[in-house]
Amino acid sequence: MYFDRLSSLFLQSSAWLEGQIPLSSPFTSAAVPSHDFLWDDITPSKHFVWHPCFGDFECARLQVPMDWQGTSTEANKTVDLGVVKVEAMVPVTDPKYGGAVVMNPGGPGGSGVGQVLRGGHHVRTILSAGPAEAADLDARYFDIIGFDPRGINNTQPILTCFPNRIEAAIYSLEEEAHGYIGTSDTSFDNLWASKRAVAEGCSKKTAEEGIAKHMSTATVARDIVEIFERHGEWREQEATRLLSSMSPENVLAEQDRDIIISRTAWIKDAEKLQYWGFSYGSILGATLATMYPERIYRALLDGIADSHDYMAGGWSTNLQDTDVIMVKLAEHCWDGGKTNCPIWDEDGPAVILTKVQETIAGLQKDPIGMPAEGDRGPAVVTWNDLLRLIRDIVYEPIREFPLTARVLHDLSERNGTSLATWIRSQRPAGLGEPLSQQCETDGPYSPACFATKEGGGPLLSWEATYGIACSDGPGDRLNQTKEEFKEYVDRIMAQSKLIGAGWATIQLPCTVWHARPHWRYEGDFRNQTAVPVLFASTSIDPVTPLANAFRMAEGFEGAGVLQQDSEGHSTYSGISMCSMKAIREYFQSGKLPGETGGLENDYEWKGHGALCEVDRKPFDGYDAKGPVPELPEGETDAEMWEALVGLNRVWP
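Residues numbered from 1 in each chain as written. Predicted model: local features only at pLDDT ≥ 70, side-chain atom pairs only at ≥ 80, totals over all residues. Heavy atoms only, no water.

**Focus on the overall build of the protein**
What counts is decided by this rule: Labels follow the DSSP assignment, with helices taken as runs of H or I lasting at least four residues and strands as runs of E lasting at least two, numbered in each case from the N terminus. Each radius of gyration is computed over the set of C-alpha atoms, and the globule rule expresses the reference value as 2.2 Å times the number of residues to the power 0.38. Relative accessibility under 20% of the residue-type maximum defines a buried residue, over 50% an exposed one, and the middle range a partly exposed one, all with a 1.4 Å probe and only protein chains included. In this analysis, two residues are considered to be in contact whenever any of their non-hydrogen atoms come within 4.5 Å of each other. Each accessible area value is a Shrake-Rupley result obtained with a 1.4 Å probe; residue values ignore everything except the protein chains displayed when judging cover. In this tally Asp and Glu are treated as negative and Lys and Arg as positive; neither His nor the chain ends contributes. Working definition for charges: the position is that of NZ of Lys, CZ of Arg, CG of Asp or CD of Glu.
Check the secondary structure of the protein and you find 21 helices and 15 strands. For 652 residues, the compact-globule estimate of 2.2 N^0.38 gives 26 Å, and the C-alpha radius of gyration of the protein, at 24 Å, lies within 12% of that figure. Seen through its principal axes, the protein has C-alpha atoms that stretch 80 × 60 × 50 Å. Within the protein, buried positions represent 61% of all 652 residues. Taking the contacts inside the protein whose residues are at least 6 apart along the sequence as the reference set, 76% of them involve residues at least 24 apart. Carbon together with sulfur atoms contributes 50% to the accessible area of the protein, which is approximately 25,100 Å² in total. Here the protein holds 56 positive side-chain charges and 92 negative ones, and the gap between their average locations is 2 Å.

If you want it as structure tokens, here you go:
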């Protein structure tokens, strides 16, 4: 669940490469080659019809019912899912072809298409057989599939609350000016009014259009089942095509053809599911595993949210470990030494942490004003700005701690330049660009009204998060008063001084979100799946604490827990060959890491468990923008190492 982090990314994303990749990303050119591709050029179909896109990817628009139950006023409407695929390294006719793995990045509201475009090749390397497994007859190679869930990005219809990108950007800047709750005497009142103003009108408009009533997690879980059904259908047809296109000298014996036809046959209404979901994606995965347990063949849930709390509308079991991150920053800084950490102090981690706290408190009392310099106008950096930075860096310590230390060092010397530069980088792009003629033709709220001169498509809209989260939670939040919500805010802020103020407002739009879901999951997240589920977590996750992994694993018979001994959100936030080898083994064979009861913990866990160390730590000299570091001693799989480092650099 990375909503608060996601919100800051959305501020950067008004210019997206072909509607997908933030142009501000340092990995854009390497991850996704420029390609003249438009989603509108693909005719939506009830079957998978793949088209080359974005270099060596395949794209499709899969048409599914808006109402899977067919009992609402939207029974005759459809949703066109934007889907992208990284093809397996072997054809479907190869006995080592392992099928598809579907990804979800979390949010709720994240783009699965964008996730796979950034990291799909890395995921394929990690999950598919490597050099050590290649000769094994049971080795498997996978397709990697990402999709934009309902209402999001390249899936149509899209849920958006603003008529165009300029209005959305202006609102974001205004909200930034309000500050987090507690950063001023008026911040709570302003946010209460502004977020409800967006949610009330938007929820009514999109409910009338239909989409807001059909965005719940249960509905998206059914979409995933459909993706696998249609993939099975495509697999059978692709095998037939490949067999029929063989040259005469390569034609197989009838017995061999029959074996291939049998192995690739579409198992109608019973295709097995293979899934890797992060953060909110763990809630989606838990819902999938509970609703369709007999179909689960592989399910890795990574960065575990408490699904019970989420569905109850609480979002209250997320921040228990968050503030420990700053303690770890001080410890890693001390270990890294003065050369690697500018806030290092010879008196040790406790003194480093104390000075960090003093710097934060100093900025709270006394903002830093900076005169105009060069092409930068005059600016002021505030406590609220620093909270925004900290909110982001807790997700990716190994990648972001060096920046954090630099900013804190500068602030301690009353120099706000580095923080001001970061804040400017987060602001919406394209504000000075006029809306296109196509926007005027198509009208407000159309995809054309969110395009920029860089060629971007629809803006990835954080409003879709509300359409999902408010649908999944109970409807009684509409009766919540301002005073009652303030009590809730105080409880959340008490959990974390670092990001509680931002987290506390996530549920605010739900107090006036009038669209109620036609299909809402109301189960208890308990079931026995065909193959056990694997839950993965870091030791100190800022928004999905380790305790959630054990809590959720208790509901799924035979489930396993993989604990990565690092800080950050989900396993990719750290760099651990041990973790990735355990994950590969799970997808290759279904084997859970560790032995029964083999993981020491405070949660009375009795299932399979394993603890993995990391290969790199913050301030050890790792440069997230430099060359891939050398393969760790004793390791031989250079491709997996490069893929692991690559994911850490390009996600989320």
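**Looking at the packing of aromatic side chains**
Put simply, the rule reads: Any two of the Phe, Tyr and Trp rings considered here, Trp counted by its six-membered ring, make a pair once their centres fall within 6.5 Å; the pair's planes then place it as stacked at under 30 degrees, edge-to-face at over 60, or tilted in between. To sit over a ring, a charge needs its Lys NZ or Arg CZ within 6 Å of the ring centre and within 35 degrees of the ring normal.
Enumeration over the complete set of coordinates arrives at 22 aromatic pairs. Judged by centre distance (5.4 Å) and plane angle (70°), the ring pair of Phe278 and Tyr572 falls under edge-to-face. With Phe278 in strand 8 (residues 273-278) and Tyr572 in the loop between strand 13 (560-567) and helix 20 (577-589), the pair connects residues that are 294 residues apart, well separated along the chain. When its relative accessible area of 8% is taken as the criterion, Tyr572 is described as buried. Residues Phe485 and Tyr488 carry aromatic rings whose centres are separated by 5.5 Å and whose planes lie at 45° to one another, so their mutual orientation is tilted. With Phe485 and Tyr488 both in helix 17 (residues 482-495) and three residues apart, the pair spans about one turn of that helix. Taken as a pair, Phe485 and Tyr488 share a single burial class, namely buried. Here the aromatic cluster, defined as three or more aromatic residues joined through ring pairs, consists of Phe142, Trp276, Phe278, Tyr572, Tyr586, Phe587 and Trp651. The ring of Tyr445 carries the charged tip of Lys205 above its face, separated from the ring centre by 4.2 Å. Positioned over the ring face of Phe188 is Lys486, at 5.9 Å from the centre of the ring.

**What to know about the UniProt feature "domain: Peptidase S33 tripeptidyl aminopeptidase-like C-terminal" (unreviewed entry) in the protein**
The following threshold applies: UniProt positions are given in the numbering used here, feature names are shortened, and annotations may be inferred rather than shown by experiment.
With numbering matched to this structure, UniProt assigns "domain: Peptidase S33 tripeptidyl aminopeptidase-like C-terminal" (unreviewed entry) to residues 497-594. As annotated, residues 497-594 comprises 26% helix and 15% strand, and the C-alpha atoms at either end are separated by 36 Å.

**Overview of the side chain of Thr571**
Looking at the secondary structure, you find Thr571 in the loop between strand 13 and helix 20. Leaving out residues up to four positions away in the same chain, Thr571 has contacts with Trp276, Asp302, Ala536, Gln564, Met580 and Ile583.

**As for the packing of helix 5 (residues 187-209) against helix 17**
What counts, and what does not: The angle between two axes is taken between their N-to-C directions and runs from 0 to 180 degrees, where each axis is a line fitted to C-alpha atoms and a helix contributes only its stretch in contact. Left-handed describes a crossing whose near helix is turned anticlockwise from the far helix through less than a right angle; right-handed describes the clockwise counterpart. Under the convention adopted here, Pro, Cys and the residues Ala, Val, Leu, Ile, Met, Phe, Trp and Tyr are nonpolar, Asp, Glu, Lys and Arg are charged, and Gly plus all remaining residues are polar.
The geometry of helix 5 relative to helix 17 is characterised by a closest axis approach of 12 Å and an angle of 120° between their N-to-C directions. The way helix 5 lies across helix 17 gives a crossing that is right-handed. From helix 5, Phe188, Asp189 and Trp192 reach across to helix 17, where they touch Lys482, Phe485, Lys486 and Val489. When its residues are assigned to classes, the contact of helix 5 with helix 17 shows four nonpolar, no polar and three charged.

**Points about the pairing of strand 7 (residues 141-147)**
Selection criterion: When DSSP finds two or more bridges between a pair of strands, those strands are recorded as paired. Handedness is read with the strands pointing away from the viewer; a crossover is right-handed when the path from the first strand over the helix to the second is clockwise.
With seven of seven residues buried, strand 7 is to be regarded as a mostly interior element. Neither face of strand 7 is exposed, since Tyr141, Asp143, Ile145 and Phe147 on one face and Phe142, Ile144 and Gly146 on the opposite face are all buried. For strand 5 (residues 78-86) and strand 7, the ladder comprises four bridges, and the chain directions are antiparallel. If you follow Val83 over to strand 7, its bridge partner there is Phe147. Bridging between strand 6 (residues 97-104) and strand 7 involves five bridges; their strand directions are parallel. Bridge pairing links Tyr97 to Tyr141 in strand 7. Crossover strand 6 to strand 7 through helix 3 (residues 112-127) is right-handed.

**Some details on the pattern of salt bridges**
Rules: The salt bridge criterion pairs a side-chain nitrogen of Lys or Arg with a carboxyl oxygen of Asp or Glu, the two atoms within 4 Å.
Tallied over the full model, the rule gives 30 salt bridges. A salt bridge links Glu229 to Arg295, with the nearest nitrogen and oxygen atoms 3.0 Å apart. Of this pair, Glu229 sits in helix 6 (residues 217-244) while Arg295 sits in the loop between helix 8 (280-291) and strand 9 (296-302), and the two are 66 residues apart along the sequence. Note on accessibility: Glu229 and Arg295 belong to one class, buried.

**Brief notes about the environment of Gly502**
Inspection of the secondary structure puts Gly502 in helix 18 (residues 500-503). Gly502 sits 465 residues away from Phe37 along the chain, and the two C-alpha atoms are 37 Å apart.

**Let's talk about the state of the cysteines**
For clarity, the threshold we go by: Working definition: a disulfide is two cysteine sulfur atoms within 2.5 Å of each other.
In this structure the tally under the stated criterion is six disulfides. With its sulfur 2.0 Å from that of its partner, Cys53 forms a disulfide with Cys59. On the sign convention where negative is left-handed, the bridge of Cys53 and Cys59, at about 80° about the S-S bond, is right-handed. For the pair formed by Cys53 and Cys59, the shared burial category is buried. Regarding the disulfides, the protein carries the connectivity 1-2, 3-4, 5-6, 7-8, 9-10, 11-12 under sequence-order numbering of its bonded cysteines.

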